[in-house]
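The lines below spell out each chain.
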Protein chains: 2
Amino acid sequence: MDAATRIERALSTAVARVQGPNGPPKLAEALHYAVFPRGARIRPRLCLAVALACGEDDPDLTDAAAASIELLHCASLVHDDLPCFDDADLRRGKPSVHRAFGEQIAVLAGDALIVLAFQTVAWAAGSAPQRLATLIDTVGRSVGMPRGITAGQAWECETEVDLAQYQQEKTGALFAAAAVAGAAAAGVEAEPWRLLGERLGAAYQVADDIRDVACDVAEIGKPVGQDQAHARPSAVTLHGMDGALRLLKELAAGAVASIPDCPGAGELRAHIMSESQRLLPKQLAQRAA
Amino acid sequence: MDAATRIERALSTAVARVQGPNGPPKLAEALHYAVFPRGARIRPRLCLAVALACGEDDPDLTDAAAASIELLHCASLVHDDLPCFDDADLRRGKPSVHRAFGEQIAVLAGDALIVLAFQTVAWAAGSAPQRLATLIDTVGRSVGMPRGITAGQAWECETEVDLAQYQQEKTGALFAAAAVAGAAAAGVEAEPWRLLGERLGAAYQVADDIRDVACDVAEIGKPVGQDQAHARPSAVTLHGMDGALRLLKELAAGAVASIPDCPGAGELRAHIMSESQRLLPKQLAQRAA
């Protein structure tokens with residue numbers, strides 16, 4: 001089964017498991033709406049690729065870890081889009097959750113997705129309980145305080161912000177968790193995989209800043225020009241477009257260089273190069289090459 | 001060490017662990033503010049009492065489970081108080097988190113507290129990894145979909161609501177988790193403890209409805225008359241004050257009757273009777289007796 005199929009199946013299973021017939025209908029619908037149809041799924045794809053490179057021996061646990069990472073990503077999008085933050089109308093080419101279901105359901109959907117992320121790994125860890133604590137801690141750190149997504153988002157409420165730390169927490173943390181969780185699900189020492197994830201996260205953040213300036217709504221399925229509109233730190237503002245493209249290239253190369261020794265290092269290198277091609281609009285990908 | 005000391009110590013340890021020197025200051029402060037100074041801590045007290053009744057053999061894990069339950073309770077209060085829900089100005093006798101820190105920080109504080117709840121049990125489960133999956137699933141169910149706190153809260157967005165189900169999810173679920181988690185932390189079969197928690201949760205909900213009508217702000221540290229103001233279902237609206245007091249008495253007796261066989265059943269019965277005295281203002285406690 002290919003990675004995309006595994007990820008969609010794991011996400012469908014997780015979401016279906018909390019949609020009993022007697023649950024509140026709007027929240028149940030909003031959970032599904034926030035997760036499907038698929039976004040790029042770049043984080044769970046990284047998680048799977050790392051587990052495979054490490055010699056995966058428990059595919060159900062890998063799939064659960066990958067789904068958990070994506071559920072946390074979806075939760076962060078739902079809450080980031082709320083009126084008190086970005087007040088975004090569009091996400092993945094359709095109305096944001098609070099536009100479609102109201103603000104109350106959007107707050108609850110984000111909460112329920114965070115909870116589901118942790119349950120998903122617990123449900124799959126029956127055959128390898130000793131891996132569960134590492135997985136829970138890993139995904140928790142990536143989204144909690146003091147260095148996860150909530151911390152990153154909270155810097156938007158502070159007057160003095162370190163751009164590198166802000167981006168590491170807001171984006172890098174979940175990429176790092178994807179890599180670390182992939183290794184942990186495969187039962188190998190997980191921490192050496194953090195650097196790869198952090199570098200990929202940094203590369204992705206720069207690519208996202210570039211797309212915010214260079215793409216239109218139809219290409220990325222969400223409003224553009226948001227960094228400028230919200231006066232948010234951005235690699236393009238800081239380095240210019242050419243500087244941002246150069247930085248992206250350096251970060252991707254650094255990521256590939258940081259892959260720890262493992263049975264499937266070659267395939268993983270190829271995966272990362274292929275994924276990095278997907279990050280930019282075509283005309284810019286050529287300019288960056 | 002008495003229960004109150006154990007609980008405050010476990011909560012302090014958990015909150016301190018995510019307040020590194022480099023975290024975003026406002027969110028770090030808001031996390032502490034949302035958890036301290038103490039509320040009644042009635043849910044973690046139940047968790048500890050059940051673990052002790054079951055012959056607790058891993059106190060650190062019990063303390064972590066109890067703290068996890070209370071962190072989820074605090075998270076739900078922070079999000080329930082948000083402008084899009086109750087828009088409450090006061091909580092535990094001081095400004096609600098969004099009044100003190102702004103709406104953005106309040107959303108993030110709730111998120112970070114949910115994450116911390118799961119991390120807290122994972123950090124303590126090193127010596128008993130096989131208990132961790134049960135604990136994660138137990139606390140997850142109590143706050144997630146389809147029957148946890150988020151589900152209960154989501155019924156406020158629906159036109160047709162079953163009062164019993166709404167109250168079970170909004171309040172009973174976390175009491176049930178407190179009882180089940182106490183047993184799971186002690187390494188005994190946990191599910192037989194659910195009924196006790198559910199009945200105590202139902203009793204607590206009725207007591208809360210009564211206090212919303214019969215107390216003033218100074219007594220309970222939060223706005224009163226909220227059920228009527230928000231047209232929320234309430235045991236007092238449904239059964240009148242005398243009927244609600246009768247119902248509370250029946251539920252407390254039913255809770256005591258549902259205690260499973262265990263080494264410390266007698267002490268647990270005494271704990272529950274003592275806790276139920278604390279739920280009502282004095283004049284009503286006499287009327288209910």
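Since the structure is predicted, the reported quantities are computational estimates derived from the model, not experimental observations.

Within chain A one finds 15 helices and two strands. Here the C-alpha atoms of chain A give a radius of gyration of 18 Å, agreeing with the 19 Å that 2.2 N^0.38 yields for 289 residues. With the principal axes as the frame, chain A shows a C-alpha extent of 50 × 45 × 35 Å. Long-range pairs, those at least 24 residues apart, make up 71% of the contacts in chain A between residues at least 6 apart in sequence.

Moving on, we come to helix α9 (residues 163-185) of chain B. Residues and elements named next belong to chain B. If you check α9, its first and last C-alpha atoms are 31 Å apart, about what 23 residues at 1.5 Å a residue would give, namely 33 Å. G172 marks where α9 bends most, by close to 50°. Judged by how many residues are buried, α9 sits mostly within the fold: 20 of 23 residues are covered.

Superposition of chain A onto chain B requires a rotation of 180° combined with a translation of 0.0 Å along the rotation axis, giving an RMSD of 0.0 Å. Such a combination of turn and shift is consistent with a two-fold rotation axis. Looking at the rotation axis and the C-alpha trace of chain A, the residue lying nearest is P129(A), at 2.8 Å. Interface overlap between copies: 100% of the residues of chain A at the interface are likewise at the interface in chain B, consistent with a symmetric, same-surface contact.

With that settled, the discussion passes to the interface of chain A and chain B. On the chain B side, the residues contacting the 51 residues of chain A number 51 residues. The element best represented in the side of chain A that touches chain B is helix α6 (residues 103-124) of chain A, accounting for 15 residues. Of the residues contributing to the side of chain A that touches chain B, the split by class is 31 nonpolar, 15 polar and five charged.

Quick look at helix α10 (residues 194-214) of chain A now. For α10(A), with 21 residues, the first-to-last C-alpha span of 30 Å sits near the 30 Å given by 1.5 Å per residue. Of all 21 residues that make up α10(A), 16 are buried, and the element is covered over most of its length.

Helix packing geometry: the angle between the two helix axes and the distance between the axes. All names here are of chain A. Between helix α4 (residues 59-80) and helix α7 (residues 129-143), the least distance of the axes is 11 Å, while the angle of their chain directions is 20°. Here α7 runs roughly parallel to α4, going by the angle between their axes. Crossing of α4 over α7 shows right-handed handedness. Where α4 approaches α7, its residues L61, A65, S68, I69, L72 and S76 are matched on the opposing element by R131, L135, V139, S142 and V143. Class assignment of the residues belonging to the contact of α4 with α7 gives a composition of seven nonpolar, three polar and one charged.

Another point: the nonpolar core. Core analysis: the largest hydrophobic core is formed by 208 residues, its most contacted members being L31(A), A109(A), L113(A), L31(B), A109(B) and L113(B). L113(B) has contacts with L31(B), A34(B), L71(B), C74(B), A75(B) and V78(B), leaving out every residue within four places of it along the chain.

As a further point, take the packing of helix α3 (residues 42-53) of chain B against α9(B). Residue and element names in this part refer to chain B. Put simply, α3 and α9 touch, their axes get as near as 7 Å, and they point 30° apart. In this structure, the crossing between α3 and α9 has a hand that is right-handed. Contact residues: R43, P44, L46, C47, L48, V50 and A51 in α3; L174, F175, A178, A179, A181, G182, A183 and A185 in α9. Tallied by class, residues from the contact of α3 with α9 come to 13 nonpolar, one polar and one charged.

Turning next to the environment of P59(A). Residues and elements named next belong to chain A. Along the chain, P59 turns up in helix α4. Residue classification places P59 among the partly exposed residues on the basis of 17 C-beta atoms within 10 Å. Distance from P59 to R278, taken between C-alpha atoms, is 26 Å for residues 219 residues apart in sequence.

Turning our attention to unusual backbone geometry. Residue and element names in this part refer to chain A. Across the junction of F36 and P37, the peptide omega takes the value -5°, indicating a cis bond. Tracing the chain through its elements places P37 in the loop between α2 (25-35) and α3 (42-53). Phi at D87 takes a positive value of approximately 50°, unusual for a residue other than glycine. By the element assignment, D87 lies in the loop between α4 and β1 (90-91). One non-glycine residue with positive phi stands out, namely R92, at about 50°. Topologically, R92 is positioned in the loop between β1 and β2 (94-95).

This brings us to the environment of V161(B). Residues and elements named next belong to chain B. Here V161 lies in the loop between α8 (149-154) and α9. Judged by the 15 C-beta atoms lying within 10 Å of it, V161 is partly exposed. When neighbours within four sequence positions are excluded, V161 is seen to be in contact with W155, Y166 and P233.

Moving on, we come to the confidence of the model for chain A. On average, residues of chain A score 92 in pLDDT, and 97% of them reach the 70 mark or higher. Model confidence for the complex: the whole-complex pTM is 0.94, and ipTM, which rates the interface, is 0.93.

Before going further, it helps to spend a moment on the environment of A185(A). Residues and elements named next belong to chain A. Topologically, A185 is positioned in helix α9 (residues 163-185). According to the C-beta neighbour criterion, A185 is buried, with 34 such atoms within 10 Å. Spatially, the C-alpha atom of A185 lies 7.6 Å from that of E56, the residues being 129 residues apart in sequence. Beyond its immediate stretch of four places on either side in the chain, A185 contacts A51, D58, L61, T62, A65, R131 and L135.

Cut-offs and rules
Residues numbered from 1 in each chain as written. Chains lettered and ligands numbered in written order. Predicted model: local features only at pLDDT ≥ 70, side-chain atom pairs only at ≥ 80, totals over all residues. Helix = DSSP H or I, 4+ residues; strand = E, 2+ residues; numbered from the N terminus. Rg over C-alpha atoms; globule rule 2.2 N^0.38 Å. Contact = placed C-beta atoms within 7 Å. Expected span 1.5 Å × (residues − 1). Bend = angle between axes of the 7 residues up to and from the residue. Buried ≥ 20, exposed ≤ 12 C-beta atoms within 10 Å, placed from the backbone. Least-squares fit on C-alpha atoms with pLDDT ≥ 70 in both. Nonpolar A, V, L, I, M, F, W, Y, C, P; charged D, E, K, R; others polar. Axes fitted to C-alpha atoms, helices over the stretch in contact; angles between N-to-C directions. Parallel < 35°, antiparallel > 145°, perpendicular 65-115°, else oblique. Left-handed = near helix turned anticlockwise from the far one by under 90°. Core = buried A, V, L, I, M, F, W, Y, C linked by C-beta atoms within 7 Å. pLDDT = per-residue confidence, 0-100.

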